[in-house]
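Observations on chain architecture
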Amino acid sequence: MTGIAPDVTTPAGLIRLCNAFCESKALLTAVELDLFTELHDNPATEEEIRERLGLHGRGLRDFLLLLTALGLLERQGDSFRNAPGTDQYLVREQPTYIGGFMHRANANLYPAYGRLAEALRTGLPQTQGDFEDVLRDPKVLGRFIHMMDALTQVLGPQLIEAYDFSGHATLLDVGGCRGNLAGQIVKAHPELTGTVFDLPQMEPFCAEHMAGLGLTGKVAFHAGDFFKDPLPQADVVVMGHVLHDYDLDRRRFLVEKAAAAVRPGGALLVYDRMLDEGPAQVENLVISLDMLLVTEGGSEYPVEELRQHAALAGFTSLEEKQLGEFDTLLICRRG
């Protein structure tokens, strides 16, 4: 894919932008079919792909050629194989797999965007049910967990590089799901012990994941609701992709809650797709619209809003950093 935006001053460019969702759906469908896992170390012809995936065959050649034109597959004679990016990030069971995000986007966001006009008219989310329904449905909960893992798999190494965790003894990840981010940080800094704070339903998933990472006893789980229950104290408190789920007042409340958990000399690390001018603006505005479609009051927000919340919460030093391509990290230090 070129990554070049279409020229929206021309009819052709406008139509090109109009059809951009078709390319996205082709990628999401390939992930849904687990095509890239099937082709990992095992290139196949069109007919072999049809048989392996149990497909009809009509349209398959065009589908494979489109994925090739998008740079997701490569062709060698009559065979198709994964391009380097898809082979690294979209093969199931690979430690770098980010397909969980795409499964969640396909099942949740893609249908919701079909009702964007209704969301703008009413201000209401356009997905079925609420997070309680997600917690009750093991299949949907699994998709959510894998989506969160996909995000933290990318952001974990970036956060480890952006902040010096040495000199600290304890880490708390608020809303940390099954602990994928905390696990990466503790692996990189064995002097740390970690705690994941999330809803009780996440505890068995966290225990299983920590066992798989060899971190049983190094990363613990603390069950609770961060709107109702106190947070455990720690030297470093992380709150990533949490605040954008809520409105301004609740964001302020959570920053104050997190501030109370940071020990003297420690820091609160907050990252989100913040809405400030720059090359990530289009991407982050899209994510903010995602929040419109799937939450009651959430949105992305400017870093200045977070700075104000942090100052009111008593942090004495604020440092802003870019985290990867799209996220902004605010390091809030307590003296």
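Before reading further, recall that the structure is shown in the block above.
In this text the structure is predicted, and so the values were computed from the model without any measurement. (Residues numbered from 1 in each chain as written. Predicted model: local features only at pLDDT ≥ 70, side-chain atom pairs only at ≥ 80, totals over all residues. Heavy atoms only, no water.)

1. Description of the sheet that holds strand β2 (residues 73-76)
Spatially, three strands are ordered β1-β3-β2 in an open sheet, and the strand pairing comes out antiparallel. The open sheet terminates on both sides in strands that have one partner only, identified here as β1 (44-45) and β2. With four bridges joining them, β2 and strand β3 (residues 79-82) adopt antiparallel strand pairing. Residue pairing across strands places R75 opposite F80, the latter belonging to β3. Packing against the sheet, helix α5 (residues 60-69) makes contact with β2 and β3, and its axis sits at approximately 110 degrees to β2. (Pairing = 2+ DSSP bridges. Helix = DSSP H or I, 4+ residues; strand = E, 2+ residues; numbered from the N terminus. Contact = heavy atoms within 4.5 Å. Axes fitted to C-alpha atoms, helices over the stretch in contact; angles between N-to-C directions.)

2. Quick notes on the environment of F197
Inspection of the secondary structure assignment puts F197 in strand β5 (residues 193-198). Residues F197 and L329, 132 residues apart in the sequence, show an inter-C-alpha distance of 20 Å.

3. A look at the packing of aromatic side chains
Under the defined criterion, the tally for this structure stands at five aromatic pairs. Between the aromatic rings of Y163 and F165, the centroid separation amounts to 5.0 Å while the plane-to-plane angle is 80 degrees, which identifies the pairing as edge-to-face. Each member of the pair, Y163 together with F165, is buried. Ring geometry for F227 and F253: centres 5.9 Å apart, planes at 20 degrees, overall stacked. With F227 in the loop between β6 (219-223) and β7 (234-240) and F253 in helix α13 (residues 248-261), this pair connects stretches of sequence that are 26 residues apart. You can call F227 partly exposed: its relative accessible area is 21%. Grouping aromatic residues by their ring pairs yields a cluster made of F226, F227, Y246 and F253. The ring of F227 has R250 sitting right over it, with the charged end atom 4.2 Å from the ring centre. Cation over ring: R334 sits above F315, and NZ or CZ is 5.0 Å from the ring centre. (Phe/Tyr/Trp six-rings, centres within 6.5 Å; stacked < 30°, edge-to-face > 60°. Buried < 20%, exposed > 50% of the residue type's maximum accessible area, 1.4 Å probe, protein only. Lys NZ or Arg CZ within 6 Å of the ring centre and 35° of its normal.)

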